[in-house]
Amino acid sequence: MDWDKLRIFHAVADAGSLTHAGEHLHLSQSAVSRQIRALETSLNTTLFHRHARGLILTEQGELLFDATSAMVKRLDAAAARIRDSEEEVFGELRVTTTTGFGSLWLVPRLPALYKKYPDLKIDLMLEERVLDLPMREADVAIRMKEPSQADLIRKRLMAVHMRLYATPEYLAEYGTPQTRADMRNHRLICQNATSFQVMAGLRMVQALMAEDMPSLLTVNNYFGVLQGVANHLGIGVLPHYVAHDTGNLVRVLPDVDSGEVPVYLAYPEELRQSKRIAAFRDFVMDEIAIYRRNAQISAGASE
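Since the structure is predicted, the reported quantities are computational estimates derived from the model, not experimental observations. (Residues numbered from 1 in each chain as written. Predicted model: local features only at pLDDT ≥ 70, side-chain atom pairs only at ≥ 80, totals over all residues. Heavy atoms only, no water.)

Novice: I'd love a proper account of the packing of aromatic side chains, names of residues and values included.
Specialist: Tallied over the entire structure, the rule returns five aromatic pairs. Measuring from centroid to centroid gives 5.5 Å for phenylalanine 9 and phenylalanine 48, while their planes differ by 50°, and the two rings are tilted. Here the residue phenylalanine 9 occupies a position in helix H1 (residues 3–15), and phenylalanine 48 occupies one in strand E1 (residues 48–51), the gap between them amounting to 39 residues. Ring geometry for phenylalanine 101 and tyrosine 241: centres 5.6 Å apart, planes at 80°, overall edge-to-face. (Phe/Tyr/Trp six-rings, centres within 6.5 Å; stacked < 30°, edge-to-face > 60°. Helix = DSSP H or I, 4+ residues; strand = E, 2+ residues; numbered from the N terminus.)

Right, dumping it as structure tokens:
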């Protein structure tokens, strides 16, 4: 099969429109249409159902799109490795991590990375779903558990603890609980039980719920929990790094702790020599070292 035709087919299938595919490929709609008809003729099959709202792949089209998608990913990987043979760090780096860690810890620290590598283009994918790194859904991942996929280089970065926090203003108005039972007199802010979250955090929330909380605010991510706590709505379950970075939160009930939640950085074995990966990995490790030093200084100052 002619690769040019396959490339055009992939663009049309991805866009769902001859017009949009043509814009992406810098070709006219008629040129794209001719290439698709020629490919269908060579394969003796129909690849698209045409209707007023766009194009839908046929069963045969789906099979071909799966194959071209795999080809595109392999070509992207090859191109990335070729680019990484250069000395300079530039180009796109697709990073995936959880919504909480990405928005609350990683993004505020990215200025340091961009200052050092201004030509780096980061595509940050914040979601709880674990993306398939070997299939190049992302280049590098930071996850709250050790990755189980094979052929990955992984490094443990740090450990996160889920704890209870409130603002000084909230505690001044409503008092500070001294026991778990005292939590019944406060509003608990936490992720809801059906949202994606680390198991240690879920167990901690379930144990607190056993105290029969009369007032509750549940959110489907930690960023929302933080906003609730910061606006003095109650006592929230948050990762411990949030309290350090925010600087205006007070830990409540020090004996309530989720235990360690490991944080891992991982990337495919085939990107071992990638300078973009190395730059991002070193940046994250440097920021964690700075965070730990500052945390120790803060802990020593509070003693």
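What follows continues from the structure just given.
Novice: Give a description of the pattern of salt bridges that names residues and reports values.
Specialist: Within this structure, the stated rule accounts for 15 salt bridges. Arginine 94 serves as the salt-bridge partner of aspartate 139, at 3.2 Å between the closest nitrogen and oxygen. One end of the pair, aspartate 139, is in the loop between strand E4 (120–126) and strand E5 (140–143); the other, arginine 94, is in strand E3 (residues 91–97), with 45 residues separating them in the sequence. For the pair shown, aspartate 139 and arginine 94 are each scored as buried. Of the charged contacts in the structure, one is a salt bridge between glutamate 127 and arginine 129, with a shortest N-O distance of 3.3 Å. Judged by relative accessible area, which is 25%, glutamate 127 ranks as partly exposed. Overlapping salt bridges bring together Arg94, Arg136, Asp139 and Glu270 as one network. (Salt bridge = Lys/Arg side-chain N within 4 Å of Asp/Glu carboxyl O. Buried < 20%, exposed > 50% of the residue type's maximum accessible area, 1.4 Å probe, protein only.)

Novice: Can you lay out the sheet that holds strand E10 (residues 235–239) for me, pointing to particular residues and giving the numbers?
Specialist: Backbone hydrogen bonds hold the strands of a sheet together, and the pairing may be parallel or antiparallel. Spatially, five strands are ordered E9-E8-E10-E7-E11 in an open sheet, and the strand pairing comes out mixed. Since the sheet does not close on itself, it has two edges, and those belong to strand E9 (215–219) and strand E11 (250–252), each with one partner. Averaged over all adjacent pairs, the angle separating strand axes in this sheet is 40°, with direction ignored. With two bridges connecting them, strand E8 (residues 187–191) and E10 associate as parallel partners. The residue bridging leucine 188 from the neighbouring strand is isoleucine 235, located in E10. (Pairing = 2+ DSSP bridges. Axes fitted to C-alpha atoms, helices over the stretch in contact; angles between N-to-C directions.)

Novice: Any chance you could break down the packing of H1 against helix H3 (residues 29–43) for me, citing the residues and the numbers?
Specialist: Between H1 and H3, the shortest axis-to-axis distance is 9 Å and the interhelical angle comes to 110°. Here H1 lies roughly perpendicular to H3, going by the angle between them. In the packing of H1 onto H3, the handedness of the crossing is left-handed. Across the interface between the two elements, Lys5, Leu6, Ile8, Phe9 and Val12 from H1 touch Val32, Gln35, Ile36, Ala38 and Leu39 from H3. Here the contact of H1 with H3 is built from residues that sort into eight nonpolar, one polar and one charged. (Parallel < 35°, antiparallel > 145°, perpendicular 65-115°, else oblique. Left-handed = near helix turned anticlockwise from the far one by under 90°. Contact = heavy atoms within 4.5 Å. Nonpolar A, V, L, I, M, F, W, Y, C, P; charged D, E, K, R; others polar.)

Novice: Before we move on, can you summarise the side chain of threonine 97 with the specific residues and values?
Specialist: Within the secondary structure, threonine 97 is located in strand E3. On the accessibility criterion, threonine 97 (0% relative accessible area) is buried. Of note is the side chain of threonine 97, whose polar atom sits 2.7 Å from the backbone oxygen of isoleucine 142. (Polar contact = N/O pair within 3.5 Å; in protein donor to acceptor, adjacent residues only side chain to side chain.)

Novice: Run through the pairing of E1, naming residues and quoting values.
Specialist: As defined by bridge partners, E1 adjoins strand E2 (residues 54–57) across four bridges and the pair is classed as antiparallel. Considered in E2, the bridge of histidine 51 is made with glycine 54. Two successive antiparallel strands, E1 and E2, enclose a turn made up of two residues.

Novice: Please give an account of the packing of H1 against helix H2 (residues 18–25) that cites residues and values.
Specialist: Two quantities define a packed helix pair, namely the angle between the axes and the distance from one axis to the other. Relative orientation of the contacting elements H1 and H2 amounts to 125°, with a least axis distance of 8 Å. Judged by the angle between their axes, H1 and H2 are oblique. The element H1 and its partner H2 pack so that their crossing is right-handed. Taken together, the residues of H2 that come into contact with H1 (itself represented by Arg7, Ile8, Ala11, Val12 and Ala15) are Leu18, His20, Ala21 and Leu25.

Novice: Give me the environment of arginine 203: which residues, what numbers.
Specialist: Examined against the element boundaries, arginine 203 turns out to sit in helix H8 (residues 199–209). Between the C-alpha atoms of arginine 203 and serine 258, which are 55 residues apart in sequence, the distance is 7.6 Å.

Novice: Describe the sheet that holds E3, listing the residues and the values that go with them.
Specialist: Within the open sheet, the five strands sit side by side as E4-E3-E5-E12-E6. Their pairing is mixed. Each end of this open sheet is capped by a strand with a single partner; those strands are E4 and strand E6 (152–160). Sheet twist, expressed as the average angle between the axes of neighbouring strands with direction ignored, equals 20°. Of the strand pairs in this sheet, E3 and E4 are connected by seven bridges, and their pairing is parallel. Counterpart to threonine 96 in the pairing with E4 is methionine 125.

Novice: Pulling in residues and values, what's your account of a nonpolar patch on the surface?
Specialist: A surface patch of nonpolar side chains, amounting to about 260 Å² of accessible area, comprises Trp3, Met71 and Leu75. Note that methionine 71 resides in helix H4 (residues 59–83). (Patch = residues over 30% accessible without salt bridge, like charges linked within 9 Å, V, L, I, M, F, W, Y side chains within 5 Å. Areas by Shrake-Rupley, 256 points an atom, 1.4 Å probe, with all protein chains shown as cover.)

Novice: Quick one: what's the story with the nonpolar core, residue by residue and with numbers?
Specialist: Grouped together as the largest cluster of nonpolar side chains are 62 residues, with contacts concentrated most on Ile142, Leu164, Val237, Phe280 and Val284. It is helix H11 (residues 275–302) that contributes the most residues to this core, seven residues altogether. Apart from the residues lying within four places of it in its own chain, the contact partners of valine 237 are Met162, Arg163, Leu164, Leu188, Ile189, Cys190, Met204, Val205, Leu208, Tyr222 and Val225. In terms of nonpolar packing, the next biggest core, distinct from the first, is built from 18 residues, Ala11, Leu18, Val32 and Ile36 among them. (Core = buried A, V, L, I, M, F, W, Y, C linked by side-chain atoms within 4.5 Å.)

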